[in-house]
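# Report on the structure
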Amino acid sequence: MRKVLLDRVWADAELVWEFHRLRHRPKPCSAAVALGCNDLGVAAHAAELYHRGLFPVVVFTGGNSRETARAFPRGEGVHYRERALELGVPDDAILVEPNATNTGENIALSREVLTAAGVEVSSLMLVSMPYMERRAFATTRKVWPEVEPVCASAPVSLTEYALRTKHGTELIDMIVGDFQRLIEYPRKGFAIPQKIPPIVYSAYRRLVAAGFRSRML
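Within each chain, residues carry numbers counting from 1 in the order of the written sequence. Per-residue local features of the predicted model are confined to residues with pLDDT of at least 70, and side-chain atom pairs are confined, for both listing and counting, to 80 or more; whole-chain, interface and lining totals are unaffected and use all residues. Based on all heavy atoms of the structure, the side-chain values leave hydrogens and waters out of the count.

## Quick notes on the environment of Gly104
Convention followed: Under the DSSP-based scheme used, a helix requires at least four consecutive residues in state H or I and a strand at least two consecutive residues in state E, with every element numbered from the N terminus. Relative accessibility under 20% of the residue-type maximum defines a buried residue, over 50% an exposed one, and the middle range a partly exposed one, all with a 1.4 Å probe and only protein chains included. By the convention used here, residues are in contact when the closest approach between their heavy atoms is within 4.5 Å.
Within the element layout of this structure, Gly104 appears in helix α4 (residues 103-116). Residue classification places Gly104 among the partly exposed residues on the basis of a relative accessible area of 24%. Along the chain, Gly104 and Ile175 lie 71 residues apart, while their C-alpha atoms are 18 Å from each other. Excluding residues within four positions of it along the chain, Gly104 makes contact with Thr139 and Val143.

## With respect to the packing of aromatic side chains
As a reminder, the rule being used: Pairing of aromatic rings covers Phe, Tyr and the six-membered ring of Trp, with a centre-to-centre limit of 6.5 Å; geometry is then stacked below 30 degrees between planes, edge-to-face above 60, and tilted otherwise. A positively charged side chain is recorded as over a ring if its NZ (Lys) or CZ (Arg) lies within 6 Å of the ring centre. The angle to the ring normal must also be within 35 degrees.
For the coordinates displayed, the defined rule picks out 10 aromatic pairs. For the ring pair Phe72 and Tyr80, a centre distance of 6.2 Å and an interplane angle of 85° mean the geometry is edge-to-face. In terms of burial, Phe72 and Tyr80 fall into one category: buried. Put simply, the rings of Phe19, Phe179, Tyr201 and Tyr204 touch in pairs and so form one group of aromatic residues. Positioned above the aromatic ring of Phe19 is the side chain of Arg134, whose terminal nitrogen or guanidinium carbon lies 3.9 Å from the ring centre.

## So, the sheet that holds strand β1 (residues 31-35)
Backbone-to-backbone hydrogen bonds join strands into a sheet, with any given pair of strands oriented parallel or antiparallel. Formally: For two strands to pair, DSSP has to find at least two bridges joining them. For helices, the fitted line uses only the C-alpha atoms of the stretch in contact; every axis is such a line through C-alpha atoms, and the angle between N-to-C directions lies from 0 to 180 degrees.
Taken in spatial order, the five strands of this open sheet run β3-β2-β1-β4-β5, and their pairing is parallel. Unpaired on one side and paired on the other, β3 (94-97) and β5 (148-152) mark the two borders of the sheet. In this sheet, neighbouring strand axes are inclined to one another by 25° on average, regardless of whether the strands run parallel or antiparallel. Note: strand β4 (residues 123-127) against β5, five bridges, orientation parallel. Residue pairing across strands places Val127 opposite Ala152, the latter belonging to β5. On top of the sheet, α4 reaches β1, β2 (58-61), β3 and β4; it is set at about 130° to β3, its chief contact. Contacts from helix α5 (residues 133-143) reach β1, β4 and β5, with the element oriented near 165° to β5.

## Some thoughts on the pattern of salt bridges
Just so we agree on the cut-off: The rule for a salt bridge is simple: a side-chain nitrogen of Lys or Arg has to be within 4 Å of a carboxyl oxygen of Asp or Glu.
Scanning all chains against the criterion turns up 12 salt bridges. The salt bridge partner of Arg206 is Asp12, with a shortest N-O separation of 2.7 Å. Of this pair, Arg206 sits in helix α8 (residues 198-209) while Asp12 sits in helix α1 (residues 2-20), and the two are 194 residues apart along the sequence. Its relative accessible area of 36% is what places Arg206 among the partly exposed residues. Residue classification places Asp12 among the buried residues on the basis of a relative accessible area of 2%.

## As for the environment of Ile183
Looking at the element boundaries, Ile183 is found in helix α7 (residues 170-188). Judged by relative accessible area, Ile183 falls into the buried class, the value being 16%. The sequence separation of Ile183 and Lys195 amounts to 12 residues, and the corresponding C-alpha distance is 9.5 Å. In contact with Ile183, not counting residues within four places along its chain, are Ile196, Tyr201 and Tyr204.

Dropping the structure here:
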């Protein structure tokens, strides 16, 4: 019975995970914004995309949060920059936004940084954790509607990501929390609405009922 229950939970989590991922086709953009979080792999993926010639400049954005203060004491954007430099991204292709504490600020403050640097932006690559793609897209369309956002994240499955980041079942809480924000943030004016398929919404509700609530609002 316990294995059946765990299999059901994981199947629901995979449904929600896949909904979060937009699977945009990578294409050249005016600039990129790499959204700070607790996963340094976002910086590594941004470096890979830079080396593929998909953008000439990247903003690493993020200050500190309770989840990242210990791992990134100098701020998410600063640590991301250091990782990108290690991976061969030239310093003159990197901008840092060190103050953002939420996704709306990530986008709004990165816009200010790019404007101050004289970068004209018509298309923007958003580099994030896989389960943050849809919320990053919805937020950008609200905060910076003039640009065309293209979302990018490491091309991994939920299982692969769980093994790589070692979050354990807390990862499901994170996925559920981001999903709730897709519902609530448009009502607060923070993002544009997203059409949610009933099968995905039902999976989300089962995960909430199963107790994966620690990252909910």
